[in-house]
Amino acid sequence: MTSANFDELPRAVELAADLGADELVATNLDYVITAGLDELRAYSSSPPAPAFSDALEEAHKVARRSGIVFRRTVAVHGNGGVRPQPLRILFVSADGGVSPCVYTSPLGRSEIPRVFEGRPIEVPVVSFGNVNDRPLMEIWEGEEYREFRKRFARRVAGASAMMLGAAGAAVEASPAPDACRSCPKLYGV
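Computed from a prediction, not measured in an experiment: that's the story for all the values here. (Residues numbered from 1 in each chain as written. Predicted model: local features only at pLDDT ≥ 70, side-chain atom pairs only at ≥ 80, totals over all residues. Heavy atoms only, no water.)

**A short note on the packing of helix α1 (residues 9-18) against helix α3 (residues 50-66)**
Then step 1. At their nearest, the axes of α1 and α3 sit 7 Å apart, and the two run at 20 degrees to each other. One way to sum up the angle between α1 and α3 is to call them roughly parallel. For the pair α1 and α3, the crossing hand works out as right-handed. For the pair formed by α1 and α3, the contact residues are Leu9, Pro10, Val13, Glu14 and Ala17 on the first element and Ala55, Leu56, Glu58, Ala59, Val62, Ala63 and Ser66 on the second. (Axes fitted to C-alpha atoms, helices over the stretch in contact; angles between N-to-C directions. Helix = DSSP H or I, 4+ residues; strand = E, 2+ residues; numbered from the N terminus. Parallel < 35°, antiparallel > 145°, perpendicular 65-115°, else oblique. Left-handed = near helix turned anticlockwise from the far one by under 90°. Contact = heavy atoms within 4.5 Å.)

**Topic: the nonpolar core**
Then step 1. Formed by 16 residues in total, the largest nonpolar core has its most connected members in Val123, Phe128, Ile139, Tyr145, Phe148, Phe152 and Cys180.
Then step 2. The dominant element in this core, judged by the number of residues it contributes, is helix α5 (residues 143-163), at three residues.
Then step 3. Residues Val13, Ala16, Leu56 and Ala59 belong to the second largest nonpolar core, which totals 15 residues. (Core = buried A, V, L, I, M, F, W, Y, C linked by side-chain atoms within 4.5 Å. Buried < 20%, exposed > 50% of the residue type's maximum accessible area, 1.4 Å probe, protein only.)

**Section: the confidence of the model for the protein chain**
Any residue range with low pLDDT should be treated as having predicted coordinates unsuitable for detailed reading.
Then step 1. Per-residue confidence for the protein chain gives a mean pLDDT of 83, with 83% of residues at or over 70.
Then step 2. Confidence, read as mean pLDDT per element, is least for helix α6 (residues 169-173) in the protein chain (49) and greatest for helix α4 (residues 136-140) (97).
Then step 3. In the predicted structure, residues 77-81 sits below a pLDDT of 50 and forms twelve contacts with residues beyond four places in sequence or in another chain.
Then step 4. In the model, residues 166-171 has pLDDT below 50 throughout and makes 13 contacts with residues more than four positions away in sequence or in other chains. (pLDDT = per-residue confidence, 0-100.)

**Some words on the environment of glutamate 111**
Then step 1. You can see glutamate 111 is positioned in strand β5 (residues 111-116).
Then step 2. The partly exposed category is assigned to glutamate 111, whose relative accessible area is 29%.
Then step 3. Setting aside residues up to four positions removed in sequence, glutamate 111 forms contacts with Pro106, Glu122, Val123, Pro124 and Val125.

**A closer look at the pairing of β5**
Then step 1. Summarising burial for β5: five of the six residues are buried, a large majority.
Then step 2. In this structure, β5 lies alongside strand β6 (residues 119-124), joined through six bridges in antiparallel fashion. Along β6, the bridge assignment pairs valine 115 with proline 120. (Pairing = 2+ DSSP bridges.)

**Observations regarding empty space enclosed by the protein**
Then step 1. Following the criterion strictly, the structure yields one cavity of 30 Å³ or more and no others.
Then step 2. Forming the walls of the largest cavity are Asp30, Tyr31, Val32, Tyr43, Arg114, Val115, Ser182 and Pro184.
Then step 3. Residue composition of the lining of the largest cavity, by class: five nonpolar, one polar and two charged. (1 Å grid on protein atoms, 1.4 Å probe; cavity = no way out; pocket = protein on both sides within 12 Å on 5 of 7 lines; lining within 4 Å. Points joined across faces, edges and corners; volume = space filled by probe spheres on them. Nonpolar A, V, L, I, M, F, W, Y, C, P; charged D, E, K, R; others polar.)

**As for the side chain of serine 105**
Then step 1. As for its placement among the helices and strands, serine 105 is situated in the loop between β4 (98-99) and β5.
Then step 2. For serine 105, the side chain forms a polar contact with the side chain of serine 99, separated by 3.3 Å.
Then step 3. Beyond its immediate chain neighbours, meaning those up to four positions away, serine 105 contacts Phe91, Ser93, Ser99, Val125 and Val126. (Polar contact = N/O pair within 3.5 Å; in protein donor to acceptor, adjacent residues only side chain to side chain.)

**Points about the pattern of salt bridges**
Then step 1. What the rule picks out here adds up to eleven salt bridges.
Then step 2. Salt-bridge contacts for glutamate 58 lead to arginine 65; the nearest nitrogen and oxygen are separated by 3.7 Å.
Then step 3. For arginine 65, a relative accessible area of 61% corresponds to the exposed category.
Then step 4. Two residues, arginine 146 and glutamate 143, come together in a salt bridge whose shortest N-O distance is 2.5 Å. With arginine 146 and glutamate 143 both in helix α5 and three residues apart, the pair spans about one turn of that helix. (Salt bridge = Lys/Arg side-chain N within 4 Å of Asp/Glu carboxyl O.)

**Considerations on the side chain of asparagine 130**
Then step 1. For asparagine 130, the position within the fold is in the loop between β6 and α4.
Then step 2. From its side chain, asparagine 130 meets the backbone oxygen of aspartate 95 in a polar contact 3.0 Å long.
Then step 3. The residues touching asparagine 130, leaving out its near neighbours within four places in the chain, are Asp95, Gly96, Gly97 and Ile139.

Below, the structure written as structure tokens:
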């Protein structure tokens with residue numbers, strides 16, 4: 001979903017149903033690496049524009065009428081910045097490098113280009129080893145990767161405590177790893 005095409009969502013659902021698809025999943029443009037892409041993103045820290053909300057509502061109506069499942073990712077920044085995925089998943093690149101996700105391991109780069117909060121930045125690539133050199137479980141259970149996951153586990157625990165009404169200091173006391181702090185997925189996108 002981008003600011004340039006969100007109004008096409010209802011028609012996209014209709015087209016998917018006409019083509020015999022069972023489901024359509026609309027996702028955010030979340031890997032923003034240029035100022036031009038930053039201008040296209042549909043998510044923000046503000047509530048969605050009425051036209052965007054109307055397009056989403058209409059897409060859901062078309063889906064119900066057409067008998068297709070329509071799912072979408074969150075369109076605006078969430079409130080907690082806590083994503084548990086790094087606790088359960090990993091990414092193995094084409095060259096065998098093991099990283100917490102695809103966004104932390106662009107092939108052939110030592111820095112990850114991003115636009116975050118309207119400004120271009122670069123963050124270091126995150127890799128915990130290579131499956132061509134060491135077994136995957138050895139990399140997963142290695143000290144460096146375990147420590148990375150512990151940071152996310154503390155954030156998840158802190159967010160759970162906040163939802164139960166307890167003090168939310170654990171989320172602030174356990175900041176996300178550097179490479180993740182500028183990723184929209186950390187903020188619920």
